[in-house]
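# Survey of secondary and tertiary structure
The lines below spell out each chain.
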Amino acid sequence: MKNLWIVVSFLCAISAGAADKVKIGFVSTLSGPNASIGADIRDAFNLAIKLNGGKLGGLPVEVLVNDDQLKPENAKQIVERYLRLDKVDFITGTVFSNIVLAIAPDVVAAKTFFIAPNAGPAAYSGAQCSPFFFVSSWPSEAYSEAAGQYVSSKGLKNVLFLAPNYQGGKDAANGFKRYYKGRLVDEMYTKLGQLDYAAELSQIRAAKPEALYVFLPGGMGVNFIKQFVAAGLSKDIQLIVPLWGSDQDIIRAVGEPMLGLFSVGHWSIDMDNAANKRFVAAFEKEYKRLPTGYAASGYDTALLMDSAVRRVKGKIEDKDALRAALRAADFKSVRGEFKFNRNQFPVQNYYLQLVGKSADGRLAHKTIGTLLTARGDAYVQDCKMK
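Not measured: the values here are computed from a predicted model.

## Thoughts on the overall build of the protein chain
Along the backbone of the protein chain there are eleven helices and 15 strands. On C-alpha atoms alone, the protein chain measures out to a radius of gyration of 20 Å, which is about the 21 Å that the 2.2 N^0.38 rule sets for 386 residues. Overall size of the protein chain, expressed as C-alpha extent along the three principal axes, is 65 × 45 × 40 Å. Contacts in the protein chain between residues at least 24 apart in sequence constitute 72% of all its contacts with a sequence separation of at least 6. In the form shown here, the protein chain has an accessible surface area of approximately 15000 Å², with 51% of it arising from carbon and sulfur atoms. The centroid of the 47 positive side-chain charges in the protein chain is displaced by 2 Å from the centroid of its 37 negative side-chain charges.

## What about the pattern of salt bridges?
Working definition: two side chains of opposite charge can pair if their charged atoms are close together. Inspection of every chain in the model, using the stated rule, returns 18 salt bridges. The salt bridge partner of Arg289 is Asp40, with a shortest N-O separation of 2.7 Å. One end of the pair, Arg289, is in the loop between helix H9 (274-287) and helix H10 (293-311); the other, Asp40, is in helix H1 (residues 35-51), and 249 residues separate them in sequence. We note that Arg289, like Asp40, is buried. Ionic pairing is found between Asp272 and Lys277, a salt bridge with its closest N-O pair at 2.8 Å. Residue Asp272 is classed as exposed on the basis of its relative accessible area of 65%. What you see here is one network of salt bridges that share partners, running through Asp40, Arg42, Asp43 and Arg289.

## What about the state of the cysteines?
Evaluation of the coordinates by the stated rule reveals one disulfide. Cys129 shares a disulfide with Cys383; S-S distance 2.1 Å. Judged by the sign of its S-S torsion, about 90 degrees, the bond between Cys129 and Cys383 is right-handed. Linking Cys129 in the loop between strand E6 (113-116) and strand E7 (133-135) with Cys383 in the segment after strand E15 (363-375), this pair joins segments that are 254 residues apart in sequence. As far as burial versus exposure is concerned, Cys129 and Cys383 are alike and both buried.

## Comments concerning the packing of H1 against H9
Put simply, H1 and H9 touch, their axes get as near as 11 Å, and they point 105 degrees apart. Classified by the angle their axes make, H1 and H9 are roughly perpendicular. On H9, the residues that touch Asp40, Asp43, Ala44, Asn46, Leu47, Lys50 and Leu51 of H1 are Arg278, Phe279, Ala282, Phe283, Glu286 and Tyr287. Partitioned by chemical class, the residues of the contact of H1 with H9 number seven nonpolar, one polar and five charged.

## Observations regarding the layout of surface pockets
Here the largest pocket defines a volume of roughly 220 Å³. As for the largest pocket, its lining consists of Ala48, Leu51, Asn52, Ala275, Arg278, Tyr299, Leu303, Asp306, Ser307, Asp330, Phe331 and Lys332. Within the lining of the largest pocket, the residues separate by chemical class into six nonpolar, two polar and four charged.

## A word on the pairing of strand E2 (residues 22-28)
When a strand is regular, its side chains alternate between the sheet's two faces. Along E2, seven of the seven residues are buried, which leaves the element largely enclosed by surrounding structure. The pairing of E2 with strand E4 (residues 59-67) spans seven bridges and is classified as parallel. Each residue of the ladder has a partner; that of Ser28, found in E4, is Asp67. Pairing geometry for E2 and strand E5 (residues 90-92), over three bridges, is parallel. Bridged to Ile24 within E5 is Phe90.

## Here's the deal with the packing of helix H6 (residues 198-207) against helix H7 (residues 218-230)
H7 packs onto H6 with a crossing angle of 50 degrees between their chain directions and a minimal axis gap of 10 Å. When the axes of H6 and H7 are compared, the pair comes out oblique. Pair H6 / H7 crosses with right-handed handedness. Between H6 and H7, the contacting residues are Ala198, Leu201 and Ile204 on the first element and Phe224, Gln227 and Phe228 on the second.

## Quick look at empty space enclosed by the protein
This model, assessed by the stated rule, comprises three cavities of 30 Å³ or more. Estimated volume of the largest cavity: approximately 130 Å³. As for the largest cavity, its lining consists of 15 residues, and the residues nearest its centre are Asn118, Ala119, Tyr166, Phe215 and Trp244. Of the residues that constitute the lining of the largest cavity, the class distribution is ten nonpolar, five polar and no charged.

## Observations regarding the environment of Pro291
Considering the arrangement of structural elements, one finds Pro291 in the loop between H9 and H10. Classification of Pro291 by relative accessible area gives buried; the value is 1%. The spatial distance from the C-alpha of Pro291 to the C-alpha of Ile269 is 7.5 Å, given a sequence separation of 22 residues. For Pro291, the residues in contact, after removing those within four places along its chain, are Asp247, Gln248, Trp267, Ile269, Phe279, Val280 and Phe283.

## Some thoughts on H6
Along H6, the residues classified as buried are Glu200, Leu201 and Ile204. The arc enclosing the buried residues of H6, seen along the axis, measures out at 100 degrees, which places them on a common side. Residues of H6 that are buried make contact with strand E8 (158-164), strand E9 (183-190), strand E10 (211-214) and H7.

## A look at the nonpolar core
One finds Phe90, Leu212, Phe224 and Phe279 to be the most contacted residues of the largest nonpolar core, which totals 130 residues. When residues of this core are assigned to their parent elements, the largest contribution, ten residues, is made by H10. Not counting residues within four places of it along the chain, the set of residues in contact with Phe224 comprises Leu162, Tyr197, Leu201, Ile204, Leu212, Val214, Leu216 and Leu239.

Procedures and definitions
Here the residue index of a chain counts from 1 through its sequence in written order. In keeping with the model being predicted, local features are shown solely for residues with a pLDDT of at least 70 and side-chain atom pairs are shown and tallied solely at 80 or more, while totals for entire chains, interfaces and linings include all residues. With hydrogens and water stripped out, all remaining heavy atoms of the structure feed into the side-chain values. To qualify as a helix, a DSSP run of H or I must reach at least 4 residues; to qualify as a strand, a run of E must reach at least 2; elements of each kind are numbered from the N terminus. As defined in this context, the radius of gyration uses C-alpha atoms, and a globule is described by 2.2 Å times the residue total to the power 0.38. The contact criterion used is simple: two residues touch if any of their non-hydrogen atoms lie within 4.5 Å. Surface exposure here means Shrake-Rupley accessible area, sampled with a 1.4 Å probe, where a residue is shielded only by the protein chains that are shown. Positive charges come from Lys and Arg alone, negative charges from Asp and Glu alone, with His and the N- and C-terminal ends not counted. Charge positions come from single atoms, namely NZ of Lys, CZ of Arg, CG of Asp or CD of Glu. Salt bridge criterion: a side-chain nitrogen from Lys or Arg within 4 Å of a carboxyl oxygen from Asp or Glu. Per-residue accessibility, obtained with a 1.4 Å probe over protein chains only, is compared with the maximum for each type, and a residue is labelled buried under 20%, exposed over 50%, and partly exposed between these values. Cysteine sulfur pairs qualify as disulfides if the two atoms are within 2.5 Å. Note on geometry: axes are lines fitted to C-alpha atoms, helical ones only across the stretch in contact, with angles between N-to-C directions running from 0 to 180 degrees. Here roughly perpendicular refers to angles of 65 to 115 degrees, roughly parallel to angles under 35, roughly antiparallel to angles over 145, and oblique to all remaining angles. For this scheme, ten residues count as nonpolar: Ala, Val, Leu, Ile, Met, Phe, Trp, Tyr, Cys and Pro. Four count as charged, namely Asp, Glu, Lys and Arg, and the remainder, Gly too, count as polar. Only protein atoms enter the calculation, which uses a 1 Å grid: trapped sets of points that fit a 1.4 Å probe without letting it out are cavities, open sets showing protein on both sides within 12 Å along at least five of seven lines are pockets, and any residue with an atom within 4 Å of a point is a lining residue. Grid points are joined across faces, edges and corners, and a volume is the space filled by probe spheres set on the points. Strand pairing is assigned whenever DSSP detects at least two bridges linking the two strands. Helix crossings get a hand from a simple test, with the near helix turned counterclockwise from the far one by less than a right angle marking a left-handed crossing and a clockwise turn marking a right-handed one. It is the directions from the helix axis to the C-beta atoms that the arc portrays. By nonpolar core we mean a set of buried residues, namely Ala, Val, Leu, Ile, Met, Phe, Trp, Tyr and Cys, connected to one another through side-chain atoms within 4.5 Å.

Here you go:
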């Protein structure tokens, strides 16, 4: 495996105090069809630090970045180096739940804080919850719970579910079935990273569902939507996706066929709060593209770290105090209201969105309703942490 270690140092000066800098081990999927996800999280994370004067909580920052290539064994090697050699204070950047599940045991065993900016596997929200494991994005079943709530509220009786065959896909199925009250025509699973959906589209055509809920992140979603529309299925079947299934990375790749597509998410580009307006404008200025939901969570992850380091006055070696500061989540989130549950997973709203045209004619999400209010997750009662 190629080890490419990119060190991003935002300030060279060393300040006095309990810690002279914050060290962050950032491991993410930065190559292959799903590279855009990791890149969005990384770019937004770095943007938040830049806007904060190159510091987190008043301390200089060193961010170590490496590509897991969507291979759990790679991620484990990267994290081992972060923990043993680099002595990082935080691990973050992960995209997929299979990567999270591969590295989380080592991180929490080392008593290092793992803040997941994307996938939040259900396994760590219940009995396996840990003082050192936080999720700054969403519980892995939550988007699909919101989708299940939506199709039930619309009275749709025959729905088909499609997702990759990995832990995130199975979590999505559990969440969807928890809230969907109609008949599940089929529960289809594809290979993780699959890009050709001819066989699946043939089965969907034959099944004739009223609606199709598709959980396909990154390049998988891009290819599926293109092929779904090209096959003419969008005329007869309502397609519902999580936020990332119709996000800006998908919109850029697919274009006009995205108009009218329904999605569910915890954030949208049109959220009317000062933190979000600053984020969207700064991200577009810095990277010449509109941000995605992945980017929003990456940005919030940096703000969360900043608030915690500031709250402990830079004394990040005090793990109990740092954990309490993280749990306080004392920052202005781009998503609006946000707090942690007892299991250190978010409690937040989930919204119904529609892809439409903004005032400047660009395709973007429009928030059209709230599906779940102050939703945590289904497993918090099994978490024994206080």
